[in-house]
Amino acid sequence: MLKWFRRKFKKKTEETPSAEGTSPETPVQETSSPEPPPPETPSLATPVTESVAPSAEEAAEEKKLWDRFKKGLTKTRERLREGLAELFEVDRLVDQAFLEELEELLITADIGIETVNRLLEPSRRKLLLGEPLKVSELKRSLREEILRMLDLPTPPFPPEASPAVVFFIGVNGVGKTTTLAKVAWHLKERGFSVLAVAADTFRAAAIEQLVTWGERVGFEVIRQAQGADPGAVVYQGLEAAKARGVDVVLVDTAGRLHTKYNLMEELKKMVRVAGKVVPEAPHENILVLDATTGQNAVSQAKLFGQAVRLDSLILTKMDGTAKGGIAITVAHLFRLPIRFVGLGEKMEDLAPFEPRAFVQALMP
Amino acid sequence: MFENLSDRLEGVFQKLRGKGKLTKEDVERGLREVRLALLEADVNYRVVKNFVERVRERALGAEVLESLTPAQQLIKIVHEELIRTLGETPAPLDLGGPRPVPLLLVGLQGSGKTTTAAKLALFLRKKGHRPYLVPADVYRPAAIDQLKTLAEKVGVPVYDTQPSENPVDIARKALVEAKAQGRDVVIIDTAGRLHVDEAMMAEAAAIKEAVSPREVLLVADAMTGQDAVNMARSFQEKVGLTGVILTKVEGDARGGAALSIREVTGVPIKFLGTGEKIDALEVFYPDRLASRILGMGDVLTLIEKAQETFDLKKAQEFREKLRRQEFTLEDLREQLRQVRKLGSLQEVFGMLPGIGKKIKQIPFDEKEIVRMEAIINSMTRQERLNPRIINASRKRRIARGSGTTVQDVNRLLKSYEEMRKLLKKARGARGLERLAQRLLRAI
Ligand SMILES: Nc1nc2c(ncn2[C@@H]2O[C@H](COP(=O)(O)OP(=O)(O)O)[C@@H](O)[C@H]2O)c(=O)[nH]1
Ligand SMILES: Nc1nc2c(ncn2[C@@H]2O[C@H](COP(=O)(O)OP(=O)(O)O)[C@@H](O)[C@H]2O)c(=O)[nH]1
Ligand SMILES: [Mg+2]
Ligand SMILES: [Mg+2]
């Protein structure tokens, strides 16, 4: 796991003890070794820490991330398991009533009626043809099918550019600013230098919010006054990033409903400005989705994706009881890998997304 | 919001409309569509089940099967059940009891509590009240600043919360302070909290205990999915609610959460948040929402808005023009001026039955309106009355004159053309004519 989550080995500095750097003189960017083939029947008890990490320390850290991910999903898992365990308890033959119950479970996970229908279609057809279908078989095929939906190419993060420019995009209140701070914290832990751009100049105290996070996590925030042109802030931010030679620039954008024409134009402009300052920027546009959101997330991904190129998703607020099932649908429909899940309000409450663990949590 | 649900139901009933009499199978088919539509609209699975059951019970009764216009009857039943679920009558804020009257806002993270607190303050101030704002979110970075900034914007005094204080003390002290200052309503903004966070839920309950608010309002996001029921139930059980404010409804969320929340809490929805700006708050009318869900258009809201801001004489002229189907660019300009006062064009036209959805596909917004006005201003009167004469060189002149581009001019002309067609069609179909008459009567 975490093949895509890069790490930068730092030069020896006061803050970072040399222990973890393999070549202390030159900064080397490296990824962890490739993942072993997935085991036949993955189980939650043996998480994917089996993937060989470069060092014991890193392995420990990966495990920490992994544990956090699992812990964060506990509620989701418990609830779904409650339901599904009952359903899957006896390995009986699937019947109409069973499929209906299964439908309810999947729909209440916010997966969406269309996706649910598609997931259950093969089983329905079998049932219709009178072919016997065992509950265990159905379970396996469902799990595989959902995994297939989430099986998307996941390029390295942060993108391999210097500076790498990452935009946080989404509707109001989903957690863009908080997530940006969390990502910054993780990046710093992995040895990257980070700069943030306060391009939400609309919401009251949005800039102060980001600045406060900057003080907590330890990153610089490029800011202008409230009401300033967000494009201008992006320009200034990226120029500053170039001048300072930082590794990653995180751009906090204002929340906007995807149906608002002028706000989407504003977003497009910010993206254009970024590309003028740093070639190819933004290198990654992350759509931040709130796990409590229902079917509207599809419309969000569609319309944001029409305005700007989207590259990935982050799913926030997975520490509640919402199951975030819509993320499966969105990831699949728009081919957007889920990078991270948000699991709380503190800076460390973010875990890289692991499809297998997620599906295991959904399907015990 | 709600457009998709209404389209869907309209589709269902369109099919049913063609039939003379409904068989049991017809009813079932209709109900299946209703069920799908509600699920797609994020109404909770269980809530849908109950809802459909109630409709089935009534629909399978003699009421529909023996009625002369069965499809209409089915629509009526769904409509009535929607209203019943959403609450029969509008529920105004309860501001009774000794002054100052405390109101408490609670909800999940990012649902819009702080913004809504400021909106409520403005709403009440406009009604002649003397509200007082209290930031009691000491956790989220800059949350106190956020409300203080908004308070200044709406011209309402705000308690000087210190982040080191505890929210219960803040609420209690703020109430004393409000009284000393002679304020009559105290709006307490709290931190976002997950309904499974026992400590935070206990805190909310403690604040409530400390100040005995007249209203405890759950601020909920209209985009919420299936989990709305769990969230709302927990807040109801652990804190106790008196009402709901649904935010971010101006987007395209189908807003099924409204039905879910209402069903599990039993408390009325009181307001809708319709934008990020501080005046984007509307009183909630169950019957209007139910009509909107059914695609009947939100005519009443439109009329009310129009009454507030439209220039009556000009509105009357406009109706006259519409009736005669003379809709020139000059009329469009006049409308743009009016509409700028009203809020976004989409929003206004979105309320019109029949054309709401289509007009929404034409990209309009406020800045765009200003630009459009500028373009029309740069035309000669002749061009405005007869846009067909606008050739390439005229377009260039107009663009230069208005500081825009030829593409902008083209876009305007295209929008105008589309609008004209839509208005024509809507008029032909039904809707507009009737609307015009109603407007006339209402104003
Ligand atoms: N429980 C929980 N709350 C979160 C998470 N991410 C963000 N939040 C909260 O959601 C609210 C809105 O977050 P913010 O970053 O301001 O959203 P933005 O408007 O999209 O920038 C804040 O109260 C955050 O603390 C998460 O993963 N879990
Ligand atoms: N589009 C829209 N945005 C809203 C509405 N109400 C609040 N917001 C936005 O939602 C985000 C979160 O609002 P905030 O008041 O900070 O939420 P809180 O965390 O519950 O206090 C901000 O970006 C607000 O501007 C609304 O009715 N419509
Ligand atoms: Mg923000
Ligand atoms: Mg707040």
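For every chain, the first residue of the written sequence is number 1, and numbering continues from 1 onward in sequence order. Here every chain gets a letter starting at A, and every ligand a number starting at 1, in the order they are written. Local features are withheld for residues below a pLDDT of 70 in this predicted model, meaning they are given only at 70 or higher, and side-chain atom pairs are given and counted only at 80 or more; totals for whole chains, interfaces and linings count all residues.

Considerations on the packing of helix H6 (residues 176-189) of chain A against helix H7 (residues 206-217) of chain A
All names here are of chain A. Each axis is a line fitted through C-alpha atoms, taken for helices only over the stretch in contact, and angles between the N-to-C directions span 0 to 180 degrees. To qualify as a helix, a DSSP run of H or I must reach at least 4 residues; to qualify as a strand, a run of E must reach at least 2; elements of each kind are numbered from the N terminus. Viewed as axis vectors pointing N to C, H6 and H7 meet at an angle of 20 degrees, and their least axial separation amounts to 10 Å. If you check the angle between H6 and H7, you find them roughly parallel. At the point where H6 passes H7, the crossing takes the right-handed sense. Contacts from Thr177, Ala181, Ala184, Trp185 and Lys188 in H6 reach Ala206, Gln209, Leu210, Trp213 and Val217 in H7. Should an angle fall under 35 degrees it is taken as roughly parallel, and over 145 as roughly antiparallel, whereas 65 to 115 is taken as roughly perpendicular and any remaining angle as oblique. Helix crossings get a hand from a simple test, with the near helix turned counterclockwise from the far one by less than a right angle marking a left-handed crossing and a clockwise turn marking a right-handed one. A residue pair is marked as a contact if its C-beta atoms, positioned from the backbone, fall within 7 Å.

Notes on the site of ligand 1
In the vicinity of ligand 1 lie 23 residues, with Gly175, Thr178 and Gly342 of chain A together with Gln109 and Gly110 of chain B positioned nearest. By convention here, the C-beta atom is placed from the backbone, and a residue is near a molecule or strand when that atom is within 6 Å of it. Nearby residues around ligand 1 are contributed by chains A and B. The greatest single-element share of the shell around ligand 1, amounting to four residues, is contributed by H6 of chain A. Each residue is assigned to one class: nonpolar for Ala, Val, Leu, Ile, Met, Phe, Trp, Tyr, Cys and Pro, charged for Asp, Glu, Lys and Arg, and polar for all the others, Gly among them. Classifying every residue of the shell around ligand 1 by side-chain character gives three nonpolar, 14 polar and six charged.

Notes on the site of ligand 2
In the vicinity of ligand 2, 23 residues are found, and the nearest of them are Asn172 and Gly173 of chain A together with Gly112, Thr115 and Gly273 of chain B. The local environment of ligand 2 is shared, drawing residues from chains A and B. Considering each element in turn, the shell around ligand 2 owes the most residues, three residues, to helix H6 (residues 113-126) of chain B. Residue classes in the shell around ligand 2 are distributed as three nonpolar, 15 polar and five charged.

Brief notes about the confidence of the model for chain A
A residue's pLDDT is simply how confident the predictor is in it, with values from 0 to 100. A residue-level look at chain A finds 76% of positions with pLDDT of 70 or above and a mean pLDDT of 82. Across residues 11-53 of chain A, confidence stays below pLDDT 50; counting only partners more than four residues off in sequence or on other chains, it has 60 contacts.

Focus on helix H5 (residues 135-150) of chain A
At 3.6 residues per turn, the α-helix brings residues three or four places apart onto the same side. Residue and element names in this part refer to chain A. In a regular helix each residue adds 1.5 Å, so 16 residues correspond to 22 Å; H5 covers 23 Å between its end C-alpha atoms and thus fits that length. Within H5, burial applies to Leu138, Leu142 and Ile146. Around the axis of H5, the buried residues are gathered within 60 degrees of arc, so they sit on the same side. A helix is expected to span 1.5 Å for every residue after the first. Partly exposed residues are those falling between the two cut-offs: more than 12 but fewer than 20 other C-beta atoms within 10 Å of their own, whereas 20 or more means buried and 12 or fewer means exposed, with C-beta atoms placed from the backbone. Directions drawn from the helix axis to the C-beta atoms are what define this arc.

Some thoughts on the UniProt feature "domain: SRP54-type proteins GTP-binding" (unreviewed entry) in chain A
UniProt positions are given in the numbering used here, feature names are shortened, and annotations may be inferred rather than shown by experiment. With numbering aligned to this structure, UniProt lists the feature "domain: SRP54-type proteins GTP-binding" (unreviewed entry) at residues 337-350 of chain A. Helix makes up 0% of residues 337-350 of chain A and strand 43%. Its end C-alpha atoms lie 16 Å apart.

Some words on the interface of chain B and chain A
In this assembly, 38 residues from chain B lie in contact with 34 residues from chain A. Here the residues of the side of chain B that touches chain A sort into 13 nonpolar, eleven polar and 14 charged.

Topic: the environment of arginine 396 of chain B
All names here are of chain B. Residue position: arginine 396 is located in helix H20 (residues 392-402). Since 13 C-beta atoms lie within 10 Å of it, arginine 396 is described here as partly exposed. Sequence separation between arginine 396 and glutamine 407 is eleven residues, and the spatial gap between their C-alpha atoms is 9.6 Å.

Section: the pairing of strand E2 (residues 131-136) of chain B
Residue and element names in this part refer to chain B. Counting buried positions along E2 gives six out of six residues, so the element sits mostly inside the fold. Residue alternation in E2 divides its side chains into two sets, Pro131, Leu133 and Pro135 and Tyr132, Val134 and Ala136, and both sets are buried. As paired strands, E2 and strand E3 (residues 185-190) are joined by six bridges and run parallel to one another. Opposite alanine 136, over in E3, you have threonine 190 as the bridge partner. Between any two strands, at least two bridges found by DSSP are needed for them to pair.

Considering the sheet that holds strand E4 (residues 215-221) of chain B
Residue and element names in this part refer to chain B. Taken in spatial order, the seven strands make up an open sheet running E2-E3-E1-E4-E5-E6-E7, and their pairing is mixed. The open sheet terminates on both sides in strands that have one partner only, identified here as E2 and strand E7 (281-283). The sheet shows a mean angle of 25 degrees between the axes of neighbouring strands, taken without regard to direction. Bridge analysis of strand E5 (residues 243-247) against strand E6 (residues 269-273) gives three bridges, and the strand direction is parallel. Bridge pairing in E6 links leucine 246 to leucine 272. Contacting E2 and E3, helix H7 (residues 143-154) crosses the sheet at an angle of about 165 degrees to E2. Taken strand by strand, helix H11 (residues 256-265) contacts E4, E5 and E6, and its axis lies near 170 degrees from that of E5.

Here's the deal with helix H11 (residues 325-334) of chain A
All names here are of chain A. Burial of H11 is extensive: seven of the ten residues sit out of reach of the surface. Buried residues in H11 make contact with helix H4 (113-128), H5, strand E7 (284-290), helix H10 (296-307), strand E8 (312-316) and strand E9 (338-342). A positive backbone phi angle near 50 degrees is found at arginine 335, which sits one or two residues after H11.

Considering the sheet that holds E7 of chain A
Residues and elements named next belong to chain A. Taken together, eight strands build an open sheet; the order of strands is E5-E4-E6-E3-E7-E8-E9-E10 and the sheet is mixed. Of all the strands in the sheet, just strand E5 (220-222) and strand E10 (350-352) have a single pairing partner and so form its edges. On average, adjacent strands in this sheet sit at an angle of 25 degrees to one another, irrespective of strand direction. Two elements, strand E4 (residues 194-199) and E5, share three bridges in a ladder whose sense is parallel. By the bridge assignment for E5, alanine 196 is matched with valine 221. Across the face of the sheet, H11 comes into contact with E7, E8 and E9 while running at roughly 175 degrees to E8.

Concerning the packing of helix H8 (residues 230-244) of chain A against helix H9 (residues 261-277) of chain A
All names here are of chain A. Packing of H8 against H9 brings their axes to within 9 Å, and their N-to-C directions diverge by 25 degrees. In terms of axis orientation, H8 runs roughly parallel to H9. When you trace H8 past H9, the crossing you get is right-handed. Of the residues in H9, those in contact with Pro230, Gly231, Val234, Tyr235, Leu238 and Glu239 of H8 are Glu266, Lys269, Met270, Val273, Ala274 and Val277.

Things to note about the pairing of E9 of chain A
All names here are of chain A. Where burial is concerned, most of E9 is hidden: five out of the five residues are buried. For E8 and E9, the ladder comprises three bridges, and the chain directions are parallel. Across the sheet, leucine 315 pairs through a bridge with valine 341, a residue of E9. Clockwise travel from the first strand over the helix to the second, with the strands pointing away from the viewer, marks a crossover as right-handed. Taken together, E8, H11 and E9 form a β-α-β motif whose crossover is right-handed. Of the strand pairs in this sheet, E9 and E10 are connected by three bridges, and their pairing is antiparallel. Directly across from phenylalanine 340, in E10, lies its bridge partner proline 352.

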